[in-house]
Amino acid sequence: MTRRLLEYCRTHTPWMLELIETLVAIESPTDDKAAVDRCGLVLAERLGAMGAEVTRVAAATAGDHLVARFGPGPRQVLILGHFDTVWPVGQLARMPLRREDGRLHGPGVLDMKAGIALGMLATKAVLELAPPGDARITMLWTTDEEEGSETSRALIEAEAARSEAVLVLEPALAGGALKTSRKGIGQYEIVARGVAAHAGVDPRRGVNAIREIALQVLALDAIRDIDRGRLVNVGLVSGGSRPNVVPDVARATVDVRASTLADADYLDRTFRGLKAQVPGATLEVSGGFNRPPMERSEGVARLFGIARDVAAEMGVDLAEGGTGGGSDGNFTAALGIPTLDGLGAIGDGAHALREHVELEPLPVRAALIAGVLRRVTADRAWR
Ligand SMILES: [Zn+2]
């Protein structure tokens, strides 16, 4: 069956390329709802043409999310991705769509419009060659992933919770490896308050808030452990008003990452427990983890095993790896739903001017997704 799926994907590669180029040509930056909705409208039409029951889930501050269902269920496999990009409208003029040296270039092509088209071709192949019976394929294409998924998170979690598996079509790791673990990501703001005073006339009256922040920054080094994937980066610091005034306010913004739920918990408790060290100063800490870690659970490993077997049938040695970056797969994995990420296109330069996908591996990639979909939908005992 894998051979037939691959053959189908090869035959229909022009259909997929046309779809990728159509989606890239309709620019869709996260913060431009009208633009994102223009892209969503065309995507919804294409999904409808494939026979999906499409629902637009309205979002006030982001583009409308799209849910596309193929079949009645009751079992469900979820294909997840986003069609917002980091590129402003007009970027296309600076990074024109072009095929060159076996690569397709364009804003958002790798992250992740090619992934969407791969998922659609894979689904088309499965629907035609191995209809999924009691397991429906549901696609959720969201519009605010690049800005933290504030308006889509609840929807993602609700669809994942009713799914047996989640396939995330974010870009692959270098060489095509899948992502079976991702760090969780958080952000904290620490505000120190002291007492302002004239630096020359009244120095004893002052409580220096910058000194307080400096001590906290040094203390945070103690909880950082790069080897175990516990990262703490004080990336922004500000405070004070002028050189001759003891500063009464200072703040630091900290990016934190953790490989395990336990470490995320530890970091969160540590931040919430920070105490002022300078006599007379006070501290306020806000923030938290926006994306929990995606751990390589047993379910994740089993799903990867299926993908590796499908790839092997096509002569591909499929690897896996982890990444410090987050995706919506973090949310679904943290719910305990087996999640496979990085199933999208192979390429380079996400969020960079050289963003592109490799053309040659696209049909095999689509067939890989199709093969995993088929196994999981056909065999309710796969778990
Ligand atoms: Zn992405």
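Residues numbered from 1 in each chain as written. Predicted model: local features only at pLDDT ≥ 70, side-chain atom pairs only at ≥ 80, totals over all residues.

**Observations concerning the overall build of the protein chain**
Here's step 1: Looking only at helices and strands, one finds eleven helices and 18 strands in the protein chain.
Here's step 2: In terms of overall dimensions, the protein chain has C-alpha extents of about 85 × 45 × 40 Å along its principal axes.
Here's step 3: Considering the protein chain as a whole, with its 383 residues, one finds that 47% of them fall into the buried category.
Here's step 4: Contacts spanning at least 24 positions in sequence make up 78% of the contacts within the protein chain whose residues lie at least 6 apart. (Helix = DSSP H or I, 4+ residues; strand = E, 2+ residues; numbered from the N terminus. Buried ≥ 20, exposed ≤ 12 C-beta atoms within 10 Å, placed from the backbone. Contact = placed C-beta atoms within 7 Å.)

**As for the environment of Val-256**
Here's step 1: As for its placement among the helices and strands, Val-256 is situated in strand E13 (residues 249-258).
Here's step 2: When residues no more than four places from it in sequence are discounted, the contact partners of Val-256 are Gly-186, Tyr-188, Leu-231, Val-232 and Leu-267.

**Topic: the sheet that holds strand E1 (residues 53-57)**
Pairing between the strands of a sheet comes from backbone hydrogen bonds, and it takes one of two forms, parallel or antiparallel.
Here's step 1: Across the sheet, which stays open at both edges, the six strands sit in the order E1-E2-E6-E3-E7-E16 with mixed pairing between neighbours. In the strand order of this sheet, the two ends are held by E1 and strand E16 (339-340), each with one partner.
Here's step 2: Across five bridges, strand E2 (residues 65-70) lies against strand E6 (residues 135-142) in antiparallel orientation. Among the inter-strand pairings, Leu-66 is bridged to a residue of E6, identified as Trp-141.
Here's step 3: Across the face of the sheet, helix H5 (residues 109-129) comes into contact with E2, strand E3 (75-82) and E6 while running at roughly 155° to E3. (Pairing = 2+ DSSP bridges. Axes fitted to C-alpha atoms, helices over the stretch in contact; angles between N-to-C directions.)

**With respect to the domain arrangement of the protein chain**
Here's step 1: One can read the domain layout of the protein chain as domain 1 (2-182 + 293-378) and domain 2 (184-291).
Here's step 2: For the side of domain 1 that touches domain 2, a count of residues per class yields two nonpolar, five polar and one charged. (Domains from an automatic or database assignment. Nonpolar A, V, L, I, M, F, W, Y, C, P; charged D, E, K, R; others polar.)

**Some thoughts on the pairing of E6**
Regular strands place side chains that alternate from one sheet face to the opposite one.
Here's step 1: With respect to burial, E6 is a largely interior element, seven of its eight residues being buried.
Here's step 2: With eight bridges joining them, E3 and E6 adopt parallel strand pairing. Looking at E6, one finds that Val-77 is bridged to Ile-137.

**Details of the sheet that holds strand E17 (residues 347-348)**
Here's step 1: The strand order across the open sheet formed by four strands is E4-E5-E18-E17, and the pairing between neighbours is antiparallel. In this open sheet, the two strands that pair with only one neighbour each are strand E4 (98-100) and E17.
Here's step 2: Pairing analysis gives three bridges linking strand E5 (residues 103-105) to strand E18 (residues 356-358), with the strands arranged antiparallel. Considered in E18, the bridge of Leu-104 is made with Val-357.
Here's step 3: Of the strands in this sheet, E5, E17 and E18 touch H5, which is tilted by about 50° from E18.

**With respect to the nonpolar core**
Here's step 1: Grouped together as the largest cluster of nonpolar side chains are 77 residues, with contacts concentrated most on Ala-117, Leu-118, Leu-167, Ala-366, Ile-369 and Ala-370.
Here's step 2: Looking at which element gives the most residues to this core, the answer is H5, with twelve residues.
Here's step 3: In this structure, Ile-190, Leu-220, Val-256 and Ala-258 belong to the second largest nonpolar core, which totals 20 residues. (Core = buried A, V, L, I, M, F, W, Y, C linked by C-beta atoms within 7 Å.)

**Points about the packing of helix H1 (residues 2-11) against helix H11 (residues 362-378)**
Here's step 1: Close contact between H1 and H11 brings their axes to 8 Å; oriented N to C, the two are set at 135°. In terms of their interaxial angle, H1 and H11 are classed as oblique. Where H1 crosses over H11, the two elements pack in a sense that is right-handed. Between H1 and H11, the residues in contact are Thr-2, Leu-5, Leu-6, Cys-9 and Arg-10 and Pro-363, Val-364, Ala-366, Ala-367, Ala-370, Gly-371 and Arg-374, respectively.
Here's step 2: Looking at side-chain class alone, the contact of H1 with H11 contains eight nonpolar, two polar and two charged residues. (Parallel < 35°, antiparallel > 145°, perpendicular 65-115°, else oblique. Left-handed = near helix turned anticlockwise from the far one by under 90°.)

**A short note on the environment of Ala-222**
Here's step 1: Here Ala-222 lies in the loop between helix H7 (209-220) and strand E11 (231-239).
Here's step 2: Put simply, Ala-222 and Val-232 are ten residues apart on the chain and 9.6 Å apart in space, counted from C-alpha to C-alpha.

**Some words on the environment of Ala-366**
Here's step 1: Along the polypeptide, Ala-366 turns up in helix H11.
Here's step 2: Since 29 C-beta atoms lie within 10 Å of it, Ala-366 is described here as buried.
Here's step 3: Separated by 353 residues in sequence, Ala-366 and Thr-13 have C-alpha atoms that sit 9.1 Å apart.
Here's step 4: Contacts of Ala-366, omitting those with residues within four sequence positions, involve Cys-9, Met-16, Leu-118, Leu-121 and Ala-122.

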